[in-house]
Structures are given as C-alpha cells and as structure tokens.
Amino acid sequence: MNPYVLTILLSSLGLGTVLTFASSHWLLAWMGLEINTLAIIPLMARQYHPRAVEATTKYFLTQATAAAMILFASTTNAWLVGEWDIQQLTHPIAVTTAMLALALKVGLAPVHFWLPEVLQGLDLTTGLILSTWQKLAPFALMLQVAPTVNSSLIVTLGLLSTLVGGWGGLNQTQLRKILAYSSIAHLGWMVLIMQFAPSLTLLSLIMYIIMTSSAFMTLKTNNSLTINALAISWTKAPTLAALAILVLLSLGGLPPLSGFMPKWLILQELTKQGLPTSATLAAMTALLSLYFYLRLCYAMTLTIWPNTLAATTPWRLDFTHTTLPLSLVTILALGLLPLTPAVAALLNL
C-alpha cells in the first residue's frame, strides 16, 4: 500500500477514536465511529484475496447496522426526552437499543458471530488493530451509557460473552479464530463489572490490549496461523516460543502473570457487590478459555513436529524483524502482577 495512503488511513483511525472520546453529543460520537469504520476498511481489503474481501464486507455490514441502531437510539431519546447529550440517554428503549448496538460494534455475545469470521479473513497486523484499537471508541460510549442501563442486561451480556468466548474456542485450529473467541471472553469480563466499577473495566481493557498485542506480534514474528504451524515455531525462535507460552497463560489469567490481576480484582468486586453467583459463573467460564490456551501451549512445547531438513536451523540466521514493540508488550504482559496493590489503591477499590 502507498505510504501516503497508509498515513491518511491511520490518521483517520486516530481521528475517529479521539472524536468519539471528546464528544458529548451523540451525532459527533456517531461521526467518530463512522470515520473509524471507513478508515479501517481499505486496510482490511488491501490483501487481494476473496477471504479478505469477504471479511471486509461482513465487517462493513455489521458496523453499518450498529451505527444505524446508535443513530436510531439517540434520535429516539432526543424525540422523547429532548436531549442529545450522551450522558442524558435516559429513555429505556433508547438506552437498551444503544447498549445492544455498542455490543454489536465490539462483538459481545449474543451478537458476536461476525468477529471470528472477520478476524479469520485478515492478516495479523490488521487483526491486531481490529482487536485492540477498534474497541476503544465503543467502550468509551459504553462506559458513559452503562449507569442508566438495566443491570440485568449488562450482567447477562457479560456472562454470556465469557461463556461463548470459552466454549467457541475449544474446537478451533486457526489461531486467529482462537484469538477472536479469546477477545469475546475478555470483553465479557469488562462488561460484567462495567456498572459497579468502571475503573476496573478500563484496567481490564488496558491489560487486554497489552496481552493481545503481545500474542498477535508473537504470531506475526513466527509467521504462525494454525496450531500445526505453532508446533514448529520453536525452531525459528526458541526464546520467543518459551515467552509465547507465558503470554498465552497470562491471557488465560493464571498467576503470577499480569492477566491474573484484572480477573482477581473483578471477582473481588463482584463478591463485594453481592453477586457471588455471577462471580462463580465467570470464574468457571475462565476455565474453558484456559483449556484452549493450554492446548496451544501443549502444541508448542510437548509435541515435536517431524523436521527432517538438513538446512541451517532458522534461529541461527540473522533476525530482520523489529522486535522492540514485541519486547515491551511481552514484558508488560508477564510482569505487572506485583503492582496490584498500587493499582487497587489508585482505583480506590
């Protein structure tokens, strides 16, 4: 892709998100979301491949539907209540419609069906943008809308997403689909706590972005798209293969890795709020996700793929990728758990 065009598209991505962050009026927020969608579509379709075109079309249709629902909800609220302000979305029909539209935007269950299919058709770099940056603007709106939404709806969306995210990834062999279901499960955890402790939602989102970035960059460096390809990745970069296992376990939320921090604080907060059943169900669904992360770890470490090449072992060759971003996010994805008391004090938990 032409570097000038790429610069314009990435700038537009940033502009759309910042516009949504900064807006207090529904129309401005909607414009930000639309700029965001239109900027990523050429990035998704830049591979001249039927799968990429199919993924782009599916993405465009779902995002257009969600944007239309947001516009409908805000117009309904303006008509019935007389307010265009985002935080004044008070009419029950408008609030519920807006929340479901934002759930469709980010890919929460039960409106998640587009996410694994779309992510499977993209290359890993665009998939990383879709899984991280594209979640920011809708989440900013969700956090503002959440106080007026029926709490049963939010808890149901959260628990259903953690369940579907764990269940859906069990029988997958494609790594991008596994990461898509992992994304749905993490989004469920964020939404679950959204009404009770918005600061914890933000913490979970930041940790999710760090861990997912590390996972995507590792797969890109190893050039692995399936579990079978992952099984031979240790011949390319043995150290990276060892770290990748820890990153996957961090995504699963195992102590003493960073991914345990948000899950621990969320379960603690849910129990404080008198929702031990929801906390127990969320913890049980986390075990489903953990199973498929362990499956990937097993494929990487405990299976030796037939390798009869007499050529130089790939890890002996010079490495040409830029690895600084990968190193930074991997360190953060593995070592932030000791900061938990400081984070809890900072968030007044």
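Predicted model, so just to flag it, every value in this text is computed and none were measured.

Cut-off values and rules
Residues numbered from 1 in each chain as written. Predicted model: local features only at pLDDT ≥ 70, side-chain atom pairs only at ≥ 80, totals over all residues. Heavy atoms only, no water. Salt bridge = Lys/Arg side-chain N within 4 Å of Asp/Glu carboxyl O. Helix = DSSP H or I, 4+ residues; strand = E, 2+ residues; numbered from the N terminus. Buried < 20%, exposed > 50% of the residue type's maximum accessible area, 1.4 Å probe, protein only. Axes fitted to C-alpha atoms, helices over the stretch in contact; angles between N-to-C directions. Parallel < 35°, antiparallel > 145°, perpendicular 65-115°, else oblique. Left-handed = near helix turned anticlockwise from the far one by under 90°. Contact = heavy atoms within 4.5 Å. Nonpolar A, V, L, I, M, F, W, Y, C, P; charged D, E, K, R; others polar. Domains from an automatic or database assignment. Buried area = accessible area lost by both parts, 1.4 Å probe. 1 Å grid on protein atoms, 1.4 Å probe; cavity = no way out; pocket = protein on both sides within 12 Å on 5 of 7 lines; lining within 4 Å. Points joined across faces, edges and corners; volume = space filled by probe spheres on them. Polar contact = N/O pair within 3.5 Å; in protein donor to acceptor, adjacent residues only side chain to side chain. UniProt positions renumbered as here; feature names shortened; annotations may be inferred.

Participant: How should the pattern of salt bridges be read in this particular structure?
Facilitator: When charged atoms on two side chains of opposite charge get close, those side chains can pair. This structure, assessed with the given rule, holds five salt bridges. Two residues, Lys-58 and Glu-54, come together in a salt bridge whose shortest N-O distance is 2.7 Å. Of the two residues, Lys-58 and Glu-54 both sit in helix H3 (residues 50-80), four residues apart, roughly one turn of that helix. A residue is classified by how much of its surface remains accessible, and Lys-58, at 30% relative accessible area, is partly exposed.

Participant: Would you mind going over the packing of helix H8 (residues 151-168) against helix H14 (residues 276-301) with me for this structure?
Facilitator: The relative placement of two packed helices comes down to the angle between their axes together with the axis-to-axis distance. Closest axis-to-axis distance for the H8/H14 pair is 7 Å, and the angle between their directions is 25°. By the criterion of interaxial angle, the relationship of H8 to H14 is roughly parallel. Remark: the crossing between H8 and H14 carries left-handed chirality. Residues Val-155, Leu-159, Thr-162, Leu-163, Gly-165, Gly-166 and Trp-167 of H8 touch H14, and the partners they reach there are Ser-278, Leu-281, Ala-282, Thr-285, Leu-288, Ser-289 and Phe-292. Residues that form the contact of H8 with H14 fall into these classes: eight nonpolar, six polar and no charged.

Participant: I'm lost on the domain arrangement of the protein chain in this one. Help?
Facilitator: By a widespread convention, an interface's size corresponds to the accessible area lost as its parts come together. The domain architecture assigned to the protein chain consists of domain 1 (1-149) and domain 2 (158-348). With centres defined by C-alpha atoms, the gap from domain 1 to domain 2 works out at 24 Å. Contacts between domain 1 and domain 2 engage 27 residues on the former and 31 residues on the latter. Where domain 1 abuts domain 2, roughly 2,500 Å² becomes buried across the two surfaces, and 77% of that area is made up of carbon and sulfur atoms. Interface area lost by domain 1 to domain 2 is led by Gln-120, Leu-124 and Phe-139, which between them contribute 27%.

Participant: Sorry if this is basic, but what is going on with empty space enclosed by the protein here?
Facilitator: Over the atoms a probe the size of a water molecule is rolled, and this reveals where empty space is left. Summed over all chains, the structure comprises four cavities of 30 Å³ or more. In this structure, the largest cavity occupies an estimated 110 Å³ of space. For the largest cavity, the lining is made up of 13 residues, of which Leu-179, Ala-215, Leu-219, Leu-248 and Leu-296 are closest to its centre. Of all elements in the fold, only helix H9 (175-193), helix H10 (198-222), helix H12 (238-252) and H14 reach the threshold of two or more residues within the lining of the largest cavity.

Participant: Mind showing me how you'd approach the packing of helix H1 (residues 3-22) against helix H2 (residues 26-44) here?
Facilitator: Contact geometry of H1 with H2 gives a least axis separation of 7 Å together with a crossing angle of 155°. By the criterion of interaxial angle, the relationship of H1 to H2 is roughly antiparallel. When the axes of H1 and H2 are compared, the crossing they make is left-handed. Counted together, Leu-6, Leu-9, Leu-10, Ser-12, Leu-13, Leu-15, Gly-16, Thr-17, Leu-19 and Thr-20 of H1 and Leu-28, Ala-29, Met-31, Gly-32, Leu-33, Ile-35, Asn-36, Ala-39, Ile-40, Pro-42 and Leu-43 of H2 form the full contact between these two elements. The class makeup of the residues in the contact of H1 with H2 is 15 nonpolar, six polar and no charged.

Participant: What is the right way to look at the side chain of Ser-258 in this model?
Facilitator: Relative to the assigned elements, Ser-258 resides in the loop between H12 and helix H13 (260-272). Only 3.2 Å separates the side chain of Ser-258 from the backbone nitrogen of Gly-335, close enough to count as a polar contact. Not counting chain neighbours up to four residues away, the residues in contact with Ser-258 comprise Met-207, Ser-250, Leu-332, Ala-333, Leu-334, Gly-335, Leu-336 and Leu-337.

Participant: I tried to follow the UniProt feature "transmembrane region" (unreviewed entry) in the protein chain on my own but got confused; where do I start?
Facilitator: Annotation from UniProt places "transmembrane region" (unreviewed entry) at residues 60-81, 93-115, 152-171, 178-196, 202-219, 240-261, 281-305 and 326-347. When the span residues 93-115 is considered, its composition is 70% helix and 0% strand, and the gap between its end C-alpha atoms is 26 Å. Secondary structure content for residues 152-171 is 85% helix and 0% strand, while the C-alpha to C-alpha distance between its ends is 30 Å.

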